[in-house]
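Report on the structure
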Amino acid sequence: MVKILDLVKPGVLYGDQVTKVLNHAKEKGFAIPAVNVTSTSHINCALEIARDINSPIIIQLSNGGAAFFAGKGLDNKNQQASILGAISAAEHVHRVAKEYGIPVIMHTDHCAKKLLPWLDGMIKEDEKFFKKNGKPLFSSHMIDLSQEPLKENIKIAKKYLKKLDKMKITLELEVGVTGGEEDGVDNSGVENKRLYTQPEDILYTYEELLKISKRFTIAATFGNVHGVYKPGNVKLEPKILNNCQKYIEKELNLKTKKPVNFVFHGGSGSEPEKITEAIKYGVVKMNIDTDTQFAYTNGIVNYVNEKKSYLKSQIGNPEGSESPNKKYYDPRVVLRTGEESMKKRLELAFKQLKCLNKN
Ligand SMILES: [Zn+2]
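Residues numbered from 1 in each chain as written. Predicted model: local features only at pLDDT ≥ 70, side-chain atom pairs only at ≥ 80, totals over all residues. Heavy atoms only, no water.

Points about the overall build of the protein
Broken down by element type, the protein carries 13 helices and 11 strands. Over its C-alpha atoms the protein spans a radius of gyration of 21 Å, differing by no more than 12% from the 21 Å that the globule rule assigns to 359 residues. The principal-axis extents of the C-alpha atoms in the protein amount to approximately 80 × 50 × 50 Å. Within the span of the protein, comprising 359 residues, buried residues form 54% of the whole. Here the contacts in the protein between residues at least 6 apart in sequence split such that 71% fall between residues at least 24 apart. (Helix = DSSP H or I, 4+ residues; strand = E, 2+ residues; numbered from the N terminus. Rg over C-alpha atoms; globule rule 2.2 N^0.38 Å. Buried < 20%, exposed > 50% of the residue type's maximum accessible area, 1.4 Å probe, protein only. Contact = heavy atoms within 4.5 Å.)

Description of the coordination of the zinc ion
Looking at the zinc ion, the protein donor atoms are His-110 (NE2), His-226 (NE2) and His-265 (ND1), and they sit 2.0 to 2.2 Å from it. Motif for the zinc ion, donor spacing along one chain: H-x115-H-x38-H. One end of the pair, His-110, is in the loop between β4 (103-108) and α6 (116-133); the other, His-265, is in the loop between β8 (262-264) and α10 (272-280), with 155 residues separating them in the sequence. Note on accessibility: His-110 and His-265 belong to one class, buried. (Donors = N, O, S within 2.8 Å, 3.2 Å for Na, K, Ca; no water.)

A few points about the packing of aromatic side chains
A full pass over the atoms with the stated rule returns 3 aromatic pairs. When the centroid spacing of 4.3 Å and the interplanar angle of 40 degrees are considered together, the rings of Tyr-310 and Tyr-328 count as tilted. Residue Tyr-310 is located in the loop between α11 (290-306) and β10 (315-317), and its partner Tyr-328 is located in helix α12 (residues 326-329); the two are separated by 18 residues in the primary sequence. Each member of the pair, Tyr-310 as well as Tyr-328, carries the same accessibility label: buried. (Phe/Tyr/Trp six-rings, centres within 6.5 Å; stacked < 30°, edge-to-face > 60°.)

Examining the side chain of Arg-345
When you line up the elements, Arg-345 lands in helix α13 (residues 331-352). With sequence-adjacent residues up to four places away left out, Arg-345 is seen in contact with Ile-288, Asp-291, Thr-292, Ala-295 and Gln-352.

Points about helix α9 (residues 239-251)
Between its first and last C-alpha atoms α9 spans 18 Å; for 13 residues at 1.5 Å apiece the expected length is 18 Å, and the two agree. Along α9, the residues classified as buried are Ile-240, Leu-241, Cys-244, Gln-245, Ile-248 and Glu-249. Where α9 is buried, its residues touch α8 (199-210), β7 (216-220), β8, α10 and β9 (283-288). A positive phi of about 55 degrees marks Asn-253, the residue just after α9. (Expected span 1.5 Å × (residues − 1).)

Notes on the nonpolar core
Ranked by internal contacts, the top residues of the largest apolar core, which has 100 residues, are Ile-57, Ile-59, Ile-143, Ile-202, Ile-218 and Phe-262. Broken down by element, the residue count for this core peaks at 8 residues, all from helix α5 (residues 80-100). When residues no more than four places from it in sequence are discounted, the contact partners of Ile-57 are Ile-32, Pro-33, Val-35, Ala-46, Leu-47, Ala-50, Ile-102, Pro-103, Val-104, Ile-105 and Phe-350. (Core = buried A, V, L, I, M, F, W, Y, C linked by side-chain atoms within 4.5 Å.)

Printed below as a string of structure tokens:
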């Protein structure tokens, strides 16, 4: 059986390597977890579990996550901290990924119209890096103009894809709206134009982008919501993805099945059977953020609760009034409990996405 490491080498992937891995996932019926990170602790933890699981991983930063990565003390006027943080994170991943021996896709998350200067800044860095190394700094970037009318969305996406394609960078774009706090989620379960992508829209997107490059993925929405809410609030309809694939196959008279590489947003809190179904219909990447955020914090909270009497002062604990507490409050010990807990949650994601032992 073909393994990922028969197709690509360990380290940060770019160009056709990315396409090969995503197509392989689609063909073999698994998806790759895309983890949102905000620190090197998250990155190292993600790489560690991917190595232990023996599979590839996608590391990604949101706009706010990237700003945090650079430091809360930096001004983010004109997106400067978000640009710097994303670059810094990518450089870290380039430095260490090979040591973990796994293929990594280095990606940036949602970029709405008003955040385009962030993407522009990262592309500038990609160009510099490409000139020097013959490959880009990032494997892929996302642009999210789903709030704009479709034609406008695709027009701008094409402009960016043209730019990115010169460096063989993949573009992820969103068609349809991922729900969430700000989007006014419709709970009735009725198919609704905004939360559920229409097949005609995906066909239009697919045809238009293909004129520029084959290096793109589509975050189509099928009731997805960012964040975790009480069960019943989110009604996922993965069959929408199947309808889209079938529609394109038919309209374009394609011989190949499942032409589109889909991305699953708002994966946190989803029922496992909906995830399995979505993979069957061509999802190759699933984002995970909310659930790993909780896991990381929860690991630390549990540790602090358990070791409370060792964390109140530098000296003095239940073992004696002169007993030192350094080995309990060392931040490395504390953060590691967050990492261990996040690793467990990520392991579950790899399992749900059937992404085990793929290298
Ligand atoms: Zn998202």
